[in-house]
Structures are given as structure tokens and as C-alpha cells.
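For reference, the chains in residue letters:
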Amino acid sequence: MAFIEMNFRSQELKRRVSVNVILPDISKREEGKPIKTLYLLHGLSDNHQAWRHNSNIEVYAAKYGIAVVMPDVGRSWYTDTLWGENYFTYLTEELPKAVRTYFGGLSDKREDNFVAGLSMGGYGAMKAAMWCPDKYAGCVSLSGSLDITRKNRPCDLQLWKAIFDHNMESPLELEGTKYDLYHMARENKKNGIEFPKIFIWCGTEDSLIHFNREYDELLTELDIPHVYRESEGDHSWKWWDMHIRDGLEFLFGEE
């Protein structure tokens, strides 16, 4: 595998950005066959370096011969923020175009593109899959912070206001909006949208377990195909490194 830290100027973020990219060895690529790509998203307290430093993602990527793209989005919740930095558009539009331009062979077909993440990145991955189901064939959420309305858990209200709504008095005001994953699932189902493959895992000792169980119940109620798993584990890298392997096997191991 080749590892590259790429820097380029983002028009959506109005500044230079850093992205970590893993590419399969040239010798192992099949001539003329496009390379499948996984966009791998970090959590609230991390950046684009997190997956490489805290997991064996390079080893796992080599097993499946995939490219892995790891962007840095700060504390943006993978959202086009009110302060003018368009992180969701960056993730789903600008970044894919950039990596396909700089690194030849990455496929632009839906069936060859996937998104995964942990915690805040689990929300980002699921949001990308729900908002742009035509772009991704599969989605993985690990310990995902899947309820943006934060019904059962406090949030940083000032951060929420800066990202979503300056006049917000409670995160509950996001319920039923385009930022609400529960609302998005219902709307996509109602509109007959084809869902990507979905894999969700959360640890039973994780403070976000209730949100993950509720989202599993919703997807089941809506008859949306998905795989939900919970097992021993808290909100830490020991478990994310273990279960990203399950997520990758779900996405790439069935061929």
C-alpha cells in the first residue's frame, strides 16, 4: 500500500486542507479495473490522522485492495456550516473530484464508492448515505452519534447554533429537519429511494448505545435492509479498530 498526505486548496472550505489517502500497490491492481474507494471519517475530537494512528486501517485496506480517503473536517458535524465552510459539500462533491483527479484509477461509479465513520463520523457517514444515496453503495457507522437532536444527551449548544441555526434555543428544534437522520430515513423510504448497504455497530458500554438501538428499531420498522450489531465495548479505539474489520468485510468481503 502507498500512504499519501495530500494538501490542496478547497473552494468549499476557502482554505488549504489536509487529507490522508491510502492507495493499493500498483503491482496488485488489475489493469483497466477501477479502484474502489472508502471515505473514512473521524470523530469530534480527532482529525484526518486519527484512523492511521489508532487503527490498522492500512493492513485492512490492503486485504481488499481498496483506496481509503480520510479528510479533516474539524468539529463541523460534516455539515455546510452557517459560518460559510461547506463541509458536507466538500465531503460529497469536491473531495471525490479532487482525489480522482490527483490519483488515477479511482472509480466514480456508485457501486465502487463507500463511506464509513465513528462517532461524529458515524453521523457523517450515515448522512452522506441518506442525502446522497446515488453516490455510495454502502455505509458503516461505528458508535455513531446518530441522533442530532440529542434527546437523551447534552450537547454543545453554542456549537450547534454556529453550525445549524443561530436562533436555536434547543437541539430538539433540529427534529424533523434535513439534519435529522430519523427524518431522512423516513423521507427516503416514503419517496422510494434506493438505500445503500448499511452496517451499524455500537458497544454496550458506550454512552451512545441508546441512539444506535433506536435507529436500528426505526430502520427495522421502515423495512430498510441493514445489519445492526452490538457487543462488548465502550467509546474507544480498541473497539473501533476491531469492528471496522467487520464493517469492511460487510462492504467488500461478499464478492
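Residues numbered from 1 in each chain as written. Predicted model: local features only at pLDDT ≥ 70, side-chain atom pairs only at ≥ 80, totals over all residues. Heavy atoms only, no water.

Colleague: I'd like a rundown of the packing of helix α4 (residues 120–131) against helix α6 (residues 181–190), residues and numbers included.
Modeller: Put simply, α4 and α6 touch, their axes get as near as 10 Å, and they point 25° apart. The pairing of α4 with α6 is recorded here as roughly parallel in orientation. Seen from above, α4 lies across α6 with left-handed handedness. Contacts between α4 and α6 pair Tyr123, Met126, Lys127, Met130 and Trp131 from the former with Leu181, Met184, Ala185 and Asn188 from the latter. Here the residues of the contact of α4 with α6 sort into seven nonpolar, one polar and one charged. (Axes fitted to C-alpha atoms, helices over the stretch in contact; angles between N-to-C directions. Helix = DSSP H or I, 4+ residues; strand = E, 2+ residues; numbered from the N terminus. Parallel < 35°, antiparallel > 145°, perpendicular 65-115°, else oblique. Left-handed = near helix turned anticlockwise from the far one by under 90°. Contact = heavy atoms within 4.5 Å. Nonpolar A, V, L, I, M, F, W, Y, C, P; charged D, E, K, R; others polar.)

Colleague: Run through the pairing of strand β8 (residues 227–231), naming residues and quoting values.
Modeller: Two elements, strand β7 (residues 197–203) and β8, share five bridges in a ladder whose sense is parallel. Bridging across to β8, Trp201 finds its partner in Arg229. (Pairing = 2+ DSSP bridges.)

Colleague: Any details on the side chain of Gln49? Residues and values, ideally.
Modeller: Tracing the backbone shows Gln49 in the loop between β3 (37–41) and α1 (50–54). Engagement of the side chain of Gln49 in a polar contact is seen with the side chain of Asn20, the distance being 3.0 Å. With residues near it in sequence (within four places) discarded, Gln49 still touches Glu5 and Asn20. (Polar contact = N/O pair within 3.5 Å; in protein donor to acceptor, adjacent residues only side chain to side chain.)

Colleague: Describe the environment of Val19, naming the residues involved and giving the relevant values.
Modeller: Here Val19 is to be found in strand β2 (residues 15–23). When its relative accessible area of 0% is taken as the criterion, Val19 is described as buried. Taking the C-alpha atoms as reference points, Val19 and Leu172, separated by 153 residues in sequence, lie 33 Å from one another. Those residues in contact with Val19 that sit more than four places away from it in its chain are Ile4, Glu5, Met6, Phe8, His48, Val69, Met70, Pro71, Tyr90 and Leu95. (Buried < 20%, exposed > 50% of the residue type's maximum accessible area, 1.4 Å probe, protein only.)

Colleague: Give a detailed account of the nonpolar core, specifying residues and quantitative values.
Modeller: Of all hydrophobic cores here, the largest spans 59 residues; its most connected members are Trp77, Met126, Met130, Phe164 and Tyr215. In terms of nonpolar packing, the next biggest core, distinct from the first, is built from 28 residues, Leu38, Ile66, Leu248 and Phe252 among them. (Core = buried A, V, L, I, M, F, W, Y, C linked by side-chain atoms within 4.5 Å.)

Colleague: Please provide a residue-by-residue account of the pattern of salt bridges, values included.
Modeller: The full count for this structure, using the stated rule, is six salt bridges. A salt bridge links Glu249 to Lys63; the nearest nitrogen and oxygen atoms lie 3.9 Å apart. Taken together, the residues span a long stretch of sequence, with Glu249 in helix α8 (residues 237–252) and Lys63 in helix α2 (residues 57–64) at a distance of 186 residues. Judged by relative accessible area, which is 62%, Lys63 ranks as exposed. Note that Arg213 and Glu230 form a salt bridge whose closest N and O atoms lie 2.9 Å from each other. Highlighted residues: Arg213 in helix α7 (residues 209–221) and Glu230 in strand β8, separated in sequence by 17 residues. (Salt bridge = Lys/Arg side-chain N within 4 Å of Asp/Glu carboxyl O.)

Colleague: Tell me what's going on with the sheet that holds strand β4 (residues 67–71), and back it up with residues and numbers.
Modeller: Spatially, the eight strands line up as an open sheet ordered β1-β2-β4-β3-β5-β6-β7-β8, and their pairing is mixed. If you trace the sheet from one side to the other, it starts and ends with β1 (2–10) and β8, each paired once. Ignoring which end each strand starts from, the neighbouring axes of this sheet average 20° apart. Docked against the sheet, α2 engages β1, β2, β3 and β4, running at close to 55° with respect to β2.

Colleague: Lay out the packing of helix α3 (residues 87–102) against α4 in plain terms, naming residues and giving numbers.
Modeller: The N-to-C vectors of α3 and α4 enclose an angle of 65°; their axes lie 11 Å apart at closest approach. For α3 against α4, the interelement crossing comes out right-handed. Contact with α3, carried on its side by Phe88, Leu91 and Thr92, involves Lys127, Ala128 and Trp131 of α4 and no other residues of that element. In the contact of α3 with α4, the residues fall into four nonpolar, one polar and one charged.

Colleague: Provide a residue-level description of the packing of aromatic side chains, including the pertinent values.
Modeller: Here the structure, examined in full by the defined rule, presents 14 aromatic pairs. Aromatic pair Tyr182 and Tyr215: ring centres 5.1 Å apart, planes at 85°, arrangement edge-to-face. With Tyr182 in helix α6 and Tyr215 in helix α7, this residue pair connects regions lying 33 residues apart in the sequence. The class for Tyr215 is buried, based on a relative accessible area of 0%. With centroids separated by 5.5 Å and ring planes inclined at 40°, the aromatic side chains of Phe199 and Phe250 adopt a geometry described as tilted. Of this pair, Phe199 sits in strand β7 while Phe250 is found in helix α8, placing the two residues 51 residues apart along the sequence. (Phe/Tyr/Trp six-rings, centres within 6.5 Å; stacked < 30°, edge-to-face > 60°.)

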